[in-house]
Amino acid sequence: MEFCRDIEEVAAPGCILLNYANPNAMVTWMCNKYSTVPTIGLCHGVQGGHRQIANALGYKQEEVDIICAGINHMTWYISVKHKGEDLTGKILEAYEKDPVLSQTEKVRIDMLRRFGYYSTESNGHLSEYVPWYRKNEQELLKWIDLSDWINGETGGYLRVCQEGRSWFETDFPNWMKAPPMSYAPENRSQEHGSYIIESLETGRIYRGHFNVVNNGAISNLPDDCIVEVPGYVDANGINIPRVGDLPLGPAACCLSNIAVQRMAVEAAYRGDIDLLRQAMMMDPLTGAVCTPPQIWQMVDEMLIAGEKWLPQYAEEIQKAKVRMEEGRRNGTLLPTRDGYKGAALLHTKTVEEMQADRAAATRNAAEADKAKK
């Protein structure tokens, strides 16, 4: 919101905010609702899944045409075609037969098997949005793969970002001594941001998938929510076509998270602890793992831990501290497992450990898409 206030104060009229930050849908929702800044949420999940599907089916990415629709981290490939042939019905068999994907994408394959459509996000991300795969340690380990963080490692995204930051802070002087980076067209990434800017400035048409206020793009999801759908960009702006209805199963999965997102946005804007608690209770995965009393205590603990970043909750945080202290004094605090770090948490490498493979450490620090090889 502070970025939005800066844009409102000093930017030229019509300035667009391109948001890459997670939680993407909630941040994009907040900016569009509570500022005057048109905000577009961007993610590389659609491109990554597009490439993966094409490879699994034996094609190059550019040979396969897709239409994706849903919400960020749960967007569905509702159309997959090669030269006009619908390949949607062939995806499940291709993944089940693939020796790598059949082990690393168990959650996505199971969702495909049960809902009929493949989802954009990784095995790890998708498992965070539904209640079925991370219910307990035993169940979790059946569905994830630890060969790469994106396949379901506990806190994997946090780990690779921490490692990347530590390496960047340490190794940056060497980056400055290296030859300048070459921005050659053949090395251009698939990140949407530069293509959007190019299209707005030159009129060259770009088609991508963007997170925008729904406004009827997906007709069986709420108009005010943030959806991830196809979009076209040219000198006239960003234009979103009508997708129509999502299939009922995928739509229901999206709706369960949209309710959470709406409450979380309002809770954050108002500093409303009741809405915050209710949002956490309604979260599909939290509800699958925790009881209501556990969730309320967790809210107190998390507010206290994040105090310096949550000024809108200042009054509620002081009340939470009192509740926690009273609970310790009278023995009513719910027990937690001391030192428990999660069922599949891997070691965060030190700078010294990363020195053993400097190239890998530098790739991780430099790459926006942390799952990209």
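Relevant structure appears above.
All values reported here derive from a predicted model rather than from experimental measurement.

Cut-offs applied
Residues numbered from 1 in each chain as written. Predicted model: local features only at pLDDT ≥ 70, side-chain atom pairs only at ≥ 80, totals over all residues. Heavy atoms only, no water. Helix = DSSP H or I, 4+ residues; strand = E, 2+ residues; numbered from the N terminus. Rg over C-alpha atoms; globule rule 2.2 N^0.38 Å. Buried < 20%, exposed > 50% of the residue type's maximum accessible area, 1.4 Å probe, protein only. Contact = heavy atoms within 4.5 Å. Areas by Shrake-Rupley, 256 points an atom, 1.4 Å probe, with all protein chains shown as cover. Lys, Arg positive; Asp, Glu negative; His and termini not counted. Charge placed at Lys NZ, Arg CZ, Asp CG, Glu CD. Salt bridge = Lys/Arg side-chain N within 4 Å of Asp/Glu carboxyl O. Polar contact = N/O pair within 3.5 Å; in protein donor to acceptor, adjacent residues only side chain to side chain. Phe/Tyr/Trp six-rings, centres within 6.5 Å; stacked < 30°, edge-to-face > 60°. Lys NZ or Arg CZ within 6 Å of the ring centre and 35° of its normal. Patch = residues over 30% accessible without salt bridge, like charges linked within 9 Å, V, L, I, M, F, W, Y side chains within 5 Å. Core = buried A, V, L, I, M, F, W, Y, C linked by side-chain atoms within 4.5 Å.

1. Regarding the overall build of the protein chain
Then, number 1: In terms of helices and strands, the protein chain carries 17 helices and 8 strands.
Then, number 2: Computed over its C-alpha atoms, the radius of gyration of the protein chain comes to 22 Å, within 12% of the 21 Å expected for a compact globule of 373 residues.
Then, number 3: Oriented by its inertia axes, the alpha-carbon framework of the protein chain measures out at about 70 × 55 × 50 Å.
Then, number 4: Going through the 373 residues of the protein chain one by one, you find that 45% of them count as buried.
Then, number 5: Restricting to contacts in the protein chain with at least 6 residues of sequence separation, those with at least 24 account for 59%.
Then, number 6: Here the protein chain has roughly 19900 Å² of accessible surface; of this, 56% comes from carbon and sulfur atoms.
Then, number 7: Charged side chains of the protein chain number 39 positive and 50 negative; the gap between the two group centres comes to 3 Å.

2. A short note on the pattern of salt bridges
Then, number 1: With the rule as written, the count across this model stands at 23 salt bridges.
Then, number 2: One salt bridge in this structure joins Glu153 and Arg159, with 2.6 Å as the shortest N-O distance.
Then, number 3: We classify Arg159 as buried; its relative accessible area is 12%.
Then, number 4: With a closest N to O distance of 3.1 Å, Arg188 and Glu198 form a salt bridge.

3. Overview of the side chain of Glu105
Then, number 1: Relative to the assigned elements, Glu105 resides in the loop between helix H5 (101-104) and helix H6 (106-115).
Then, number 2: Among the polar contacts made by the side chain of Glu105, one reaches the main-chain amide nitrogen of Asn123 at a distance of 3.3 Å.
Then, number 3: Apart from residues lying up to four places away in sequence, Glu105 is in contact with Gln52, Tyr118, Ser122, Asn123 and Asn151.

4. Observations concerning the packing of aromatic side chains
Aromatic rings in a pair are described by how distant their centres are and how their planes are angled relative to each other.
Then, number 1: Summed over the entire model, instances satisfying the criterion amount to 12 aromatic pairs.
Then, number 2: Seen in terms of ring centroids, Tyr206 and Phe210 are 6.3 Å apart; in terms of plane orientation they differ by 35°. Their pairing is tilted. Note on accessibility: Tyr206 and Phe210 belong to one class, buried.
Then, number 3: An aromatic cluster of three or more residues is present, and its members are Trp76, Phe115, Trp132, Tyr133 and Trp143.
Then, number 4: Sitting over the ring of Tyr195, Arg188 keeps its end group 3.6 Å from the ring centre.

5. What about a nonpolar patch on the surface?
Then, number 1: Among the surface-exposed residues, Phe168, Phe172 and Met176 lie close enough to one another that they form a single nonpolar patch of about 290 Å² accessible area.
Then, number 2: Relative to the helices and strands, Phe168 resides in helix H9 (residues 156-177).
Then, number 3: The exposure class of Phe168 is partly exposed, given its relative accessible area of 35%.

6. Brief notes about the nonpolar core
Then, number 1: Among the nonpolar cores identified, the biggest contains 36 residues, and Met74, Met111, Phe210, Leu221, Leu246 and Cys254 are the most heavily contacted of them.
Then, number 2: Breaking this core down by element, the ones donating at least two residues are helix H2 (24-34), strand E3 (65-71), strand E4 (74-82), H6, helix H10 (192-202), strand E6 (206-213), strand E7 (226-234) and helix H11 (248-270).
Then, number 3: In terms of residue count, H11 provides more of this core than any other element does, 5 residues in total.
Then, number 4: Setting aside its immediate chain neighbours within four residues, Cys254 contacts Gly70, Ile71, Met74, Trp76, Leu221 and Leu246.
Then, number 5: In this structure, Ala54, Ala56, Ile66 and Leu101 belong to the second largest nonpolar core, which totals 18 residues.

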